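Survey of secondary and tertiary structure
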Amino acid sequence: WTTSITEKQVKIGDEIELIFTANIDQNWYIYTAAEKDDGPIPVKIDFKKNATFQLMGNIVLPTNGVEKYDDIFEMKVTTAKKQAIFKQKIKILDENPVIKSNISFQTCNLTSGLCVNGNEDVSFEVAVIKENKKENEKKKDNIKDSSDLKKTQEKSTKDTNEVSPVPAETENKDVKKDNTLQIDNTKNKDKKSENTNWLSFILTSFLGGFAAFLMPCIFPLLPSTVTYFVKLPRKKEKEEMTEAEKLALRRHYHREGIKKALFYGFSIVAIFTIVGTAVAAINGPAFANWLSTHWLPNVFFFFLFLVFGLSFLGLFELTLPNSWVMGADKQADKGGYYGIFFMAMTLVLVSFSCTGPIVGSLLIQAAGGQILKPIVGMMSFSTALALPFVLFAIFPTWLSNLPKSGGWFSVLKVSLGFLELAIALKFLSTADQVYHWGILDREIFLALWIVLFGVLGLYLLGKLNLKNESNNEGIGVMRLVMGILTLSFTIYLVPGMFGAPLPPLAGILPPITTMEGEDLYVNNNFSDNTNASNSITKKHSQYLKLPHKLDGFFDYKEGLEYAKKVKKPIFIDFTGHGCVNCREMEARVWSKPEVLKRLKNDYVLIALYVDDRNLLPEKDWYVSKYDKQTKKTIGEQNSDFQIVKFNNNAQPYYCLLDHEGELLTEPQAYNADAQNFVLFLDKGKDEFFKK
C-alpha cells in the first residue's frame, strides 16, 4: 500500500482527496467489494475520528474492479488485480490536521488458492498554509454552524460504486507495515519460487505429451496420418501445363497440406484444452483444502492411479465405448476442415487407453481450486502430442528416419505403470495421516515402494519379463542406465525402514513419527532438556506427535499455561498432515543440531494441525468471528485461530510468542535456510527475556 494526496499545500476549509493505492503482485487479487457481510473480506478503510478534518462523502472504489457472481460465497463480489486505487475526499478544519486510518483487506492467489488477510495503519501529512488568527476562527465557526457539513461528518464510510479519474499523485512513503501479514521474508523469493513452479509444471506437462506420443496406441498412427496430409485430393497435372504451372500447382497443394496439418494439430490442442477448462470451471479456490486433505478425493485418486497403473502393466486395457470412436471416425471421412477436426477427435478417443492415465495424472496435479493451471497444463500436454504430427506432415521425408515400433514401447509403458502405482500410495497415505486410520505408516509405505522400484529395476535390467514379452536381443545402454538408477534409488530407500530421515523425500513419505523406534538417526545428545513435560497428559497426544522426539503440546491454551509455569517463550508451529513443506522443514531444518538444541531447550513447542479431522466434544464447539461458521474439529479451530490472531492461513507458519500471546518477532514461513532459522529462534528468545 502507498498513500498520496492531491494537493501539496492547502488552507483551512479546503477539500482534498486522499489516495490509497494497492500495488498487487502478479497472480494475486483483492476483493474491493462484496454484496453481503458473510462473504469474502473486501477492502475497508476506517478513519480515526479527529476534529482536525471532516469526511466528505464515501470511499470511491477502483475503476478497474471486475464484478462477478461467486459460486463459493453465493453472492456478487468485485475484485481487482495489479493495482487498485481508493479515494476519500476530506475537508481540512485545522492548521495541524491529524489524519490516520486503518486498511483491512484480503488478498488471494490465482494459482495456489491461498488467501491472506491484511491490516495496515497509514497516516497523511498535510501542509496547511497559516492565515491570521481571525480568519482561521471565522472559518472554523462557519464550518461548525453548517448543518450540511455536520450530516456529512456522520455519514458511513462504506464502499460505493462511484468512479473518478486518477489525479496526479504525490507518493507518501510513511506507511506502517503490519508484520503479521508477511508470509515469507522476501517477496522476490516468493515470486522466484512461484515462477519456478509454473515452469516446472509446464515442462512436466509438455514431457507428458511427448510420452503419450510414444505410446503404442499413438506412435503407429503417425505414418498413416502424415500420408493423409501428403496425399490430399488434388487436381492432376495436365500434359499441356508448363513446368512452371506444374511447379506452382505442387506448391499450392503443399501449402494446403501444411495448413490442414496445422489445423489438425490445433484441433488436438483444442479438444484436450476443453477438458482442462471444464476442470477449472468445476473447481474453485475454496476447493483446494478439501481436495488435498479430505479422504474422499484422496481415496478416489488412489484407486484412479491404481487402475491406470495396472492398465499400463497389461492387466486390462482402458477403452472408450466403440460407438463413440466409430461416430467420430465417420465424421472424419467427410473431408475438408470439418473432417480434419473429427479426425483429430478420433485420434484423441482412440488414444485414450494411452493418454488417459497421463492426462488423469496431469489434471490431478493441476486440480486444487486453480483456474488457469489446468488449462495451461492441458495446452502444454496436447501441444507436445500434436507437434510431431504437424512437423512430420510438413516434412514427410523425416518418416524414413524414425525407429520402428517395437519392444521399447512396452518398456516405457510398463515403467509408467510402476510409477503410477507408487504415486497411488501417496494419495492413500495423505488420507491415512489426516484421519489416523493407521493402515499405511512409514514402514509399510517404504516397504511397498522398495518392492515396486526394486521390481522395476530388475525389469529394466532384463531380469524379469511380463507375459508375452521376451528379451532375447538383450537390453540397450539407456535401459541399462535407467535400471541402475532405479535400483540405486531402491537401495537409498532401505535405511528409511530403520529410521533414516531421507530428507529429499520428506514431503512425500509419511512422517517419521508414524513408525516405531522413530528418529534412530537423529542427533539427540541434548540432555539438558528442561522443556520436558512427559509427566503431563496432553490433549490429542494419543494421535499427534512431534518429530525428532521433541516434547510439546497440541493445544494452544494448554501449552500457554505450561510456558508460564516454566518461564519460557512459546514456539507455535502451524502445520498439517498433508503439508509437504512442513515435512521438508522438519527433515531439512529442524534436524540440524543447532536448531534442534534450541527447540528442545529454549521454547515450549505447540504444534497446531490445521487439517486434522478429529471431532471435538460438542461443549468445545464455537462459532467463528471470522466466517460465522461453527468450528467442530481440531483442524477447523486451529485454522481459525491462525487466521483471526495472525492474519495468515499458510503452512508451515512459525510464531514466537510471550506469555501474553504477543509476537516476539516477525513470524516465518517456509525457508530451508537452517542458519536463518537459528537467528529467528535466537531473536525471539532475546526479545522474551528483555521484557
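Residues numbered from 1 in each chain as written. Predicted model: local features only at pLDDT ≥ 70, side-chain atom pairs only at ≥ 80, totals over all residues. Heavy atoms only, no water.

1. Focus on the overall build of the chain
A tally of helices and strands in the chain yields 19 helices and 20 strands. When the accessible surface of the chain is totalled, it reaches about 35200 Å², and 57% of it is carbon and sulfur. (Helix = DSSP H or I, 4+ residues; strand = E, 2+ residues; numbered from the N terminus. Areas by Shrake-Rupley, 256 points an atom, 1.4 Å probe, with all protein chains shown as cover.)

2. Digging into the pattern of salt bridges
This model, assessed by the stated rule, comprises eight salt bridges. Here D682 and R598 are joined by a salt bridge, their closest N and O atoms 2.7 Å apart. Residue D682 is located in helix 19 (residues 674–690), and its partner R598 is located in helix 17 (residues 593–601); the two are separated by 84 residues in the primary sequence. Residue D620 is joined to K619 by a salt bridge in which the shortest nitrogen-to-oxygen separation is 3.5 Å. Overall, the relative accessible area of 31% leaves D620 in the partly exposed class. (Salt bridge = Lys/Arg side-chain N within 4 Å of Asp/Glu carboxyl O. Buried < 20%, exposed > 50% of the residue type's maximum accessible area, 1.4 Å probe, protein only.)

3. Notes on the environment of N64
One can find N64 in the loop between strand 6 (53–60) and strand 7 (66–70). Owing to a relative accessible area of 33%, N64 belongs among the partly exposed residues under this scheme. Sequence separation between N64 and A80 is 16 residues, and the spatial gap between their C-alpha atoms is 6.3 Å. Look past the residues within four positions of N64 in its chain and what remains in contact with it is T79, A80, K81, Q83 and A84. Separated by 2.6 Å, the side chain of N64 and the backbone oxygen of Q83 make a polar contact. (Contact = heavy atoms within 4.5 Å. Polar contact = N/O pair within 3.5 Å; in protein donor to acceptor, adjacent residues only side chain to side chain.)

4. Comments concerning helix 16 (residues 580–590)
Most of helix 16 is tucked away: eight of the eleven residues are buried. Residues of helix 16 that are buried in the fold lie against strand 16 (570–575), helix 17, strand 17 (604–609), strand 20 (653–657) and helix 19.

5. Topic: the side chain of D555
Among the structural elements, D555 can be located in the loop between strand 15 (552–553) and helix 15 (556–566). In this structure, D555 is buried with no salt-bridge partner, the nearest side chain bearing the opposite charge being K539 at 4.2 Å. (Lys, Arg positive; Asp, Glu negative; His and termini not counted.)

6. Regarding the pairing of strand 16
Summarising burial for strand 16: six of the six residues are buried, a large majority. Residues I570, I572 and F574 point to one face of strand 16 and F571, D573 and T575 to the other, with burial holding for every one of them. In the sheet, strand 16 pairs with strand 17 via six bridges, with the strands oriented parallel. Each bridged residue has a counterpart across the sheet, and for I570 the counterpart in strand 17 is V604. In the sheet, strand 16 pairs with strand 20 via five bridges, with the strands oriented antiparallel. For I572, the partnering residue across the bridge sits in strand 20 and is C655. (Pairing = 2+ DSSP bridges.)

7. Some thoughts on the packing of helix 13 (residues 442–460) against helix 14 (residues 477–493)
As a packed pair, helix 13 and helix 14 sit with axes 8 Å apart at the nearest point and diverge in direction by 160 degrees. Accordingly, the angle class assigned to the pair helix 13 and helix 14 is roughly antiparallel. In this structure, the crossing between helix 13 and helix 14 has a hand that is left-handed. Contacts between helix 13 and helix 14 involve L446, W449, I450, F453, G454, L456, G457, L458, Y459 and L460 from the first element and R479, M482, G483, T486, L487, F489, T490 and L493 from the second. (Axes fitted to C-alpha atoms, helices over the stretch in contact; angles between N-to-C directions. Parallel < 35°, antiparallel > 145°, perpendicular 65-115°, else oblique. Left-handed = near helix turned anticlockwise from the far one by under 90°.)

8. Thoughts on helix 15
Because an α-helix packs 3.6 residues into every turn, residues spaced three or four apart end up facing the same way. When helix 15 is considered as a whole, its buried residues turn out to be Y556, E558, G559, L560, Y562 and A563. Each element contacted by the buried residues of helix 15 is listed here: strand 15, strand 16, strand 17, helix 18 (634–646) and strand 20. The opening residue of helix 15 is D555, an N-cap whose side-chain oxygen sits 3.3 Å from the backbone nitrogen of K557. Backbone geometry just downstream of helix 15 places K567 in the positive-phi region, at approximately 60 degrees.

9. Structural notes on the environment of K619
Examined against the element boundaries, K619 turns out to sit in the loop between strand 17 and strand 18 (622–623). Taking the C-alpha atoms as reference points, K619 and K632, 13 residues apart in sequence, are found 9.6 Å from one another. A polar contact is formed between the side chain of K619 and the side chain of D620, at a distance of 3.5 Å.

10. Remarks on the nonpolar core
Within the largest apolar cluster, 34 residues are counted, with the highest numbers of intra-cluster contacts made by L18, F20, F47, F86 and I99. Secondary-structure elements contributing two or more residues to this core are strand 3 (15–23), strand 4 (28–34), strand 5 (44–47), strand 6, strand 9 (83–92), strand 10 (99–109) and strand 11 (115–124). If sequence neighbours within four positions are ignored, I99 has contacts with L18, F47, F53, I90, I92, V122, S123, F124 and V126. Core analysis: the next-biggest nonpolar cluster, separate from the first, contains 27 residues, F301, F302, V411 and L509 among them. (Core = buried A, V, L, I, M, F, W, Y, C linked by side-chain atoms within 4.5 Å.)

11. Things to note about the sheet that holds strand 20
Strand order in this open sheet of four strands is 15-17-16-20, and the pairing throughout is mixed. On the outer flanks of this sheet lie strand 15 and strand 20, each paired with one strand and no other. Pairing analysis gives two bridges linking strand 15 to strand 17, with the strands arranged parallel. Looking at the pairing, G552 lines up with L605 of strand 17. Across the face of the sheet, helix 15 comes into contact with strand 15, strand 16, strand 17 and strand 20 while running at roughly 175 degrees to strand 17.

12. Considering unusual backbone geometry
A positive phi angle, near 70 degrees, is found at N27, a position not held by glycine. Following the sequence through the fold, N27 ends up in the loop between strand 3 and strand 4. The phi angle at H548 is positive, at roughly 60 degrees, despite the residue not being glycine. Assignment of secondary structure puts H548 in the loop between helix 14 and strand 15.

13. Quick notes on the packing of helix 17 against helix 19
One can describe the packing of helix 17 onto helix 19 by two numbers: an axis separation of 9 Å at closest approach and a directional angle of 25 degrees. Put simply, helix 17 runs roughly parallel to helix 19. The handedness of the crossing between helix 17 and helix 19 comes out as left-handed. Note on element contacts: helix 19 touches helix 17 through A674, F677, V678, L681 and D682, opposite E594, V595, R598 and L599. Grouping the constituent residues of the contact of helix 17 with helix 19 by class yields six nonpolar, no polar and three charged. (Nonpolar A, V, L, I, M, F, W, Y, C, P; charged D, E, K, R; others polar.)

14. Describing the packing of aromatic side chains
Both the distance between ring centres and the angle between the ring planes are used here to describe each pair of aromatic rings. With the rule as written, the count across this model stands at 27 aromatic pairs. With 6.0 Å between their ring centres and 80 degrees between their planes, F20 and F47 make a pair best called edge-to-face. Pair noted here: F20 is in strand 3 and F47 is in strand 5, with a separation of 27 residues, a long-range link. One exposure class covers both F20 and F47, and it is buried. Among the aromatic residues, those joined into a cluster by ring pairs are F571, W590, Y603, Y654, F677 and F680. The ring of Y459 has R479 sitting right over it, with the charged end atom 5.1 Å from the ring centre. Over the ring of F553 we find K538, and its NZ or CZ is 5.5 Å from the ring centre. (Phe/Tyr/Trp six-rings, centres within 6.5 Å; stacked < 30°, edge-to-face > 60°. Lys NZ or Arg CZ within 6 Å of the ring centre and 35° of its normal.)

15. A short note on the side chain of S415
The residue S415 is located in helix 12 (residues 407–435) in this model. Apart from residues lying up to four places away in sequence, S415 is in contact with L456 and L460.

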